[in-house]
Amino acid sequence: MKLSIAHLGPAGTYAEAAATAYAEYLVKTTPESLKSSLCPYPSIAQTLWAVAKGEVHLGVVPVENSIEGSVSMTLDTLWQIDTLNIQQALVLPISHALISLASRQEDIQVVYSHPQALAQCQEWLNQNLPQVRQIATNSTTEALQHLDTERTACAIASERAASLYQLPIIAHPINDYPDNCTRFWVVSLQPSPGGNYTSLAFSVPENKPGVLVKPLQLFAERGINMSRIESRPTKRLLGDYLFFIDLEANACEESVKSALTELAAYTKQLKIFGSYSIIDR
Ligand SMILES: O=C(O)C(=O)C[C@]1(C(=O)O)C=C[C@@H](O)C=C1
């Protein structure tokens, strides 16, 4: 059987690199050396919906970056969809290049890239291209499509993307912190396989003092470590939030099971995205 894996496209994105890494992992770790085909989608939301609608078997999406934090499109869409489970996490080093067909750096007037990539290079851009307009694109490789027709434009994407589209690199690396890395989730409609991490999200019944205390206490009193908490607006009311939590624990453990059962009583809506392990590369 061949597995189809959706990712943010076009070819050459970091999400594609993560999907390729996961495909290689499947070949190495499954007894039948599972082969996969990669399917690019124009946005992270469309990638996730493709999995939810059964157009593809799996999707690989960015979740969190070491410089810029959470990828809100991923969290918001996962909450909306409801049926996707995390199969695996993987962390990829992210090293950005400035790519352009301009003859001199001084000629550059505009820089295109994915908002996450622009943010990860903010300091470098302020120092080196302070007057240049920054324009957001759906992905780093989509940004490269402007370069052919706009000779005073540049884009931020990977070295791999530059070589794929045979475009010159002007500077590399340009991310503000050298250890820049992004965590990706592999999701599907299948139940999660289990592993040392569990991710979930919930909304709270009302906006009143202490409403978060009880949910957090449930984990603390069982010695369950929380590795991340992130709030996202519900989008319904100003000041109304959803909370996304990652636990360093497996939902099969008795203590986690009982915490999650109790948690349901203190939340309005609770979504458990599953337990999974991390492939560190
Ligand atoms: O645009 C890309 O190449 C992506 O894969 C998206 C994305 C992101 O959304 O975080 C992935 C990794 C990097 O952090 C920068 C951009």
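Treat the numbers as computed from the prediction; the structure is a model and nothing was measured. (Residues numbered from 1 in each chain as written. Predicted model: local features only at pLDDT ≥ 70, side-chain atom pairs only at ≥ 80, totals over all residues. Heavy atoms only, no water.)

(A) Here's a closer look at the layout of surface pockets. In this structure, the largest pocket spans a volume of roughly 250 Å³. Lining the largest pocket are 14 residues, and of these Tyr14, Ala17, Leu92, Pro93 and Arg160 lie nearest its centre. Put simply, the parts of the chain that give the lining of the largest pocket at least two residues each are helix 1 (14-29), strand 5 (85-93) and helix 7 (159-164). Taken together, the residues of the lining of the largest pocket sort by class into 6 nonpolar, 5 polar and 3 charged. In this structure, the second largest pocket occupies an estimated 210 Å³ of space. In terms of lining residues, the second largest pocket is bounded by 15 residues, among which Ile44, Val71, Met73, His114 and Pro115 are the most central. Per element, the largest residue contribution to the lining of the second largest pocket is 3 residues, and it comes from helix 4 (residues 115-120). Grouping the constituent residues of the lining of the second largest pocket by class yields 7 nonpolar, 7 polar and 1 charged. (1 Å grid on protein atoms, 1.4 Å probe; cavity = no way out; pocket = protein on both sides within 12 Å on 5 of 7 lines; lining within 4 Å. Points joined across faces, edges and corners; volume = space filled by probe spheres on them. Helix = DSSP H or I, 4+ residues; strand = E, 2+ residues; numbered from the N terminus. Nonpolar A, V, L, I, M, F, W, Y, C, P; charged D, E, K, R; others polar.)

(B) Layout of the sheet that holds strand 14 (residues 241-247). If you trace the 4 strands from one edge of the open sheet to the other, you get 13-14-12-15, paired in antiparallel fashion. Two strands in the sheet have a free side with no partner beyond their single neighbour: strand 13 (226-233) and strand 15 (269-276). This sheet shows a mean twist of 15° between the axes of neighbouring strands, independent of strand direction. When strand 12 (residues 197-203) meets strand 14, the two strands line up antiparallel, connected through 6 bridges. Counted as the bridge partner of Ser203 is Leu242 from strand 14. Relative to the sheet, helix 3 (residues 72-81) contacts strand 12, strand 13, strand 14 and strand 15, its axis offset from that of strand 13 by approximately 80°. (Pairing = 2+ DSSP bridges. Axes fitted to C-alpha atoms, helices over the stretch in contact; angles between N-to-C directions. Contact = heavy atoms within 4.5 Å.)

(C) Looking closely at the pairing of strand 12. Within strand 12, 6 of the 7 residues are buried, leaving the element largely enclosed by the surrounding structure. With 7 bridges joining them, strand 12 and strand 15 adopt antiparallel strand pairing. What sits directly across from Phe202, in strand 15, is Leu270. (Buried < 20%, exposed > 50% of the residue type's maximum accessible area, 1.4 Å probe, protein only.)

(D) Structural detail: the pattern of salt bridges. If you walk through the whole model with that rule in mind, you get 14 salt bridges. The shortest N-O distance in the salt bridge between Glu206 and Lys208 comes to 3.6 Å. Exposure remark for Glu206: the relative accessible area of 44% places this residue in the partly exposed category. Through salt bridges with shared partners, a single ionic network connects Glu64, Arg183, Arg228 and Asp246. (Salt bridge = Lys/Arg side-chain N within 4 Å of Asp/Glu carboxyl O.)

(E) View of the sheet that holds strand 10 (residues 169-171). Here 5 strands make up an open sheet; going across it, the order is 8-7-9-6-10 and the pairing mixed. Edge strands, defined here as strands with exactly one partner in the open sheet, are strand 8 (133-136) and strand 10. The average undirected angle you get between the axes of adjacent strands in this sheet is 35°.

Remember, this is a structural readout, not a statement about activity or role.
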